[in-house]
Amino acid sequence: DCTLVEAKKAGQTFEVQPRAESALLDLAVLDSGRATTAALPLRKDETLVLGESVTLVGFPLSGLLSSTPNVTRGNVSARAGIKGSVGQFQFSAPTQPGSSGGPVVSDGGELLGVAVGTLNVASLAEQGLLPQNVNFALDAKYVSEFLAREKIAYQEVPARTDGNMQRANEAAIAAVVQLSCYQ
């Protein structure tokens, strides 16, 4: 429901237009009309390893925290979402409002998923529960199906087992832009 969407990268702001979207997946492809070489490849075999290290990059708490990308680290905690829902996986990298839509990246630099939410800690605290770092991402399998259906090119690569935190951070930071929605 945005009348204008702007992207910001490396101090430059530019308008983007929706090219494809899915309300069901809470996913969209935005077109800036600019070429990029920093797209994240998707992991080809779609295997999530429990305990696998991941990096989340986003722009949390806009206006309060830094306007540069924020990087958090965690692990794949479960291969399913809330109450075992399929299509999502659970990860432990700290997540704040503004991280939604950010890439969840393996140490090999592959996109494993897209951050979609976190547990409502305030609601659970009223029940005496204090969960920590219980966050969810849309599995990259559904990202690839969405892109294929919309005829949008993407790259898939086999799982890279020789990765590290630096590779993940560099790949994710290079591929993200901060989005602003004006209504």
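Residues numbered from 1 in each chain as written. Predicted model: local features only at pLDDT ≥ 70, side-chain atom pairs only at ≥ 80, totals over all residues. Heavy atoms only, no water.

Here we come to the sheet that holds strand S3 (residues 27–31). Taking strand neighbours across the sheet as the criterion, the four strands line up as S3-S2-S1-S12 in an open arrangement whose pairing is antiparallel. Either end of the sheet is taken by a strand with one partner, and the two such strands are S3 and strand S12 (178–182). Strand-to-strand twist of the sheet, defined as the mean angle between neighbouring strand axes without regard to direction, takes the value 40 degrees. Pairing geometry for strand S1 (residues 4–9) and S12, over five bridges, is antiparallel. Residue pairing for S12: Lys8 is matched across the bridge by Gln178. (Pairing = 2+ DSSP bridges. Helix = DSSP H or I, 4+ residues; strand = E, 2+ residues; numbered from the N terminus. Axes fitted to C-alpha atoms, helices over the stretch in contact; angles between N-to-C directions.)

On to the state of the cysteines. Applying the stated criterion across every chain yields a total of one disulfide. Covalently, Cys2 is tied to Cys181 through a disulfide, its sulfur atoms 1.9 Å apart. Residues Cys2 and Cys181 share a disulfide whose torsion about the S-S bond is about -110 degrees; that sign makes it left-handed. Highlighted residues: Cys2 in the segment before S1 and Cys181 in strand S12, separated in sequence by 179 residues. (Disulfide = S-S within 2.5 Å.)

Attention now goes to the pattern of salt bridges. Counted according to the given criterion, the structure contains five salt bridges. The residue Arg43 makes a salt bridge to Glu110 at a minimum N-O spacing of 2.9 Å. In this pair, Arg43 sits in strand S4 (residues 42–43) while Glu110 sits in the loop between strand S8 (103–106) and strand S9 (111–118), placing the two residues 67 residues apart along the sequence. For the pair formed by Arg43 and Glu110, the shared burial category is buried. (Salt bridge = Lys/Arg side-chain N within 4 Å of Asp/Glu carboxyl O. Buried < 20%, exposed > 50% of the residue type's maximum accessible area, 1.4 Å probe, protein only.)

Regions with low pLDDT should not have their predicted coordinates read in detail. Scored by pLDDT, the protein chain has a mean of 88; 94% of the residues are at 70 or more. Element-level mean pLDDT values for the protein chain span from 65 in helix H1 (residues 121–125) up to 96 in S8. (pLDDT = per-residue confidence, 0-100.)

Within the largest apolar cluster, 20 residues are counted, with the highest numbers of intra-cluster contacts made by Leu27, Val29, Val143, Phe146 and Leu147. Among the secondary structure elements, those contributing two or more residues to this core are S3, S9, helix H2 (140–149) and helix H3 (165–175). Here this core takes four residues from H2, the largest share from any one element. If we ignore the near neighbours within four places in the chain, the residues touching Leu147 are Val29, Ile152 and Tyr154. Counting eleven residues, the second-largest nonpolar core is a separate cluster that includes Leu48, Phe89, Phe91 and Ala93. (Core = buried A, V, L, I, M, F, W, Y, C linked by side-chain atoms within 4.5 Å. Contact = heavy atoms within 4.5 Å.)

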